[in-house]
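Summary of structural features
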Amino acid sequence: MSWFYLFVAGFFEICWAVGMKYSYGFTKLTPTIFTFVTMSASVFFLALAVKNLPMGTAYAVWTGIGTIGTAIAGIILFGESTSILRIICLLLIVSGIIGLKLLVK
């Protein structure tokens, strides 16, 4: 269940990062509220995950999910770069997440 909580936390990590972009520096109320709610949910689920997972592993996976998901959201929603070097770097992060998941039971 801890890994499930960790992936939910990662999903909310992506949500708050995108919400922050839409909040325009916290000047728009609805996206600002969305950002803070999803940020709180992200940390809450991370706290549940670290009850049974090593803290360093959980934190690395959490930030990795957030990084990959936010980068993909940036490409889809904001037309950010899809250069081959950027994609390779993102794939390296994915391989690290997979490695940590496989090595920690």
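As a reminder, the structure under discussion sits directly above these lines.
Below or above, wherever it landed, is the structure these notes cover. (Residues numbered from 1 in each chain as written. Predicted model: local features only at pLDDT ≥ 70, side-chain atom pairs only at ≥ 80, totals over all residues. Heavy atoms only, no water.)

**As for the overall build of the chain**
Stated formally: By the criteria applied, helices consist of DSSP H or I runs no shorter than four residues and strands consist of E runs no shorter than two, each listed in order from the N terminus. Pairs of residues are marked as contacts when any of their non-hydrogen atoms sit within 4.5 Å. The Shrake-Rupley method, run with a 1.4 Å probe, gives the accessible areas here. Residue values count only the displayed protein chains as cover.
Per the secondary structure count, the chain includes four helices and zero strands. Going residue by residue from the N terminus, the α and β elements of the chain occur as α-α-α-α. Expressed as lengths along the three principal axes of its C-alpha atoms, the size of the chain is roughly 40 × 35 × 15 Å. Restricting the contact set of the chain to residue pairs at least 6 apart, pairs at least 24 apart contribute 67%. Accessible surface, the chain: about 6,400 Å² in total, of which carbon and sulfur atoms supply 77%.

**Looking at the nonpolar core**
Under the convention used in this document: Only buried Ala, Val, Leu, Ile, Met, Phe, Trp, Tyr and Cys residues count toward a nonpolar core, and they belong to the same one when joined by side-chain atoms within 4.5 Å. Relative accessibility under 20% of the residue-type maximum defines a buried residue, over 50% an exposed one, and the middle range a partly exposed one, all with a 1.4 Å probe and only protein chains included.
Membership of the largest hydrophobic core comes to 21 residues, with the highest contact counts inside it found for Trp 3, Leu 6, Leu 46, Leu 53 and Val 61. The set of elements that each furnish at least two residues to this core consists of helix 1 (2-22), helix 2 (29-49), helix 3 (55-78) and helix 4 (84-103). Beyond its immediate stretch of four places on either side in the chain, Trp 3 contacts Leu 53, Thr 57, Val 61, Leu 100, Lys 101 and Val 104.

**Examining the packing of aromatic side chains**
Here is the rule we go by: Ring geometry is summarised as follows: Phe, Tyr and Trp rings, the Trp one being its six-membered ring, pair when their centres sit within 6.5 Å, and such pairs are stacked at plane angles under 30 degrees, edge-to-face over 60 and tilted between the two. We call a charge positioned over a ring when the NZ of a Lys or the CZ of an Arg lies within 6 Å of the ring centre and within 35 degrees of the ring normal.
Using the criterion set out here, one finds nine aromatic pairs in the structure. On the numbers, 5.4 Å between centres and 55° between planes, the contact of Tyr 59 with Trp 62 is tilted. Of this pair, Tyr 59 and Trp 62 both sit in helix 3, three residues apart, roughly one helical turn. Chaining the aromatic ring pairs together yields one cluster made of Phe 4, Tyr 5, Phe 11, Phe 12, Phe 44 and Phe 45. In this structure, Lys 21 packs its charged tip against the face of Phe 78, placed 5.4 Å from the ring centre.

**Concerning helix 3**
Note the cut-off: Take the number of residues in a helix, subtract one, and multiply by 1.5 Å to get its expected span.
Under the 1.5 Å per step criterion, the end-to-end length of helix 3 is 33 Å for 24 residues, consistent within 8% with the ideal 34 Å. Within helix 3, burial applies to Thr 57, Ala 58, Val 61, Trp 62, Gly 64, Ile 65, Gly 66, Ile 68, Gly 69, Ala 71, Ala 73 and Gly 74. Against helix 1, helix 2 and helix 4 lie the buried residues of helix 3. Gly 79 lies just past helix 3 and shows a positive phi near 65°.

**Re the pattern of salt bridges**
Two side chains carrying opposite charge are able to pair once their charged atoms lie near each other. To keep it simple, the criterion reads: Within this document, salt bridges are pairs made up of a side-chain nitrogen of Lys or Arg and a carboxyl oxygen of Asp or Glu, the two lying within 4 Å of each other.
Tallied over the entire structure, the rule returns one salt bridge. For Arg 86, the salt bridge is made with Glu 80, and the minimal N-O distance between the two is 3.3 Å. Taking relative accessible area as the criterion, Glu 80 reaches 34% and is therefore assigned partly exposed.

**Thoughts on the packing of helix 1 against helix 3**
Formally: Inter-axis angles, ranging from 0 to 180 degrees, are taken between N-to-C directions of lines fitted to C-alpha atoms, where helices are fitted over the stretch in contact. Roughly parallel covers angles under 35 degrees, roughly antiparallel covers those over 145, roughly perpendicular covers 65 to 115, and oblique covers all other angles. Note on convention: the crossing is left-handed when the near helix lies turned anticlockwise from the far helix by less than a right angle, right-handed when the turn is clockwise.
Across the interface, helix 1 lies against helix 3 with an axial gap of 8 Å and an inter-helix angle of 40°. Taken as axis vectors, helix 1 and helix 3 run oblique relative to one another. The two elements helix 1 and helix 3 meet at a crossing, and its hand is right-handed. Contact residues: helix 1 offers Trp 3, Leu 6, Phe 7, Ala 9, Gly 10, Phe 11, Glu 13, Ile 14, Ala 17, Val 18, Lys 21 and Tyr 22, while helix 3 offers Thr 57, Ala 58, Val 61, Trp 62, Ile 65, Gly 66, Gly 69, Thr 70, Ala 73, Leu 77 and Phe 78.

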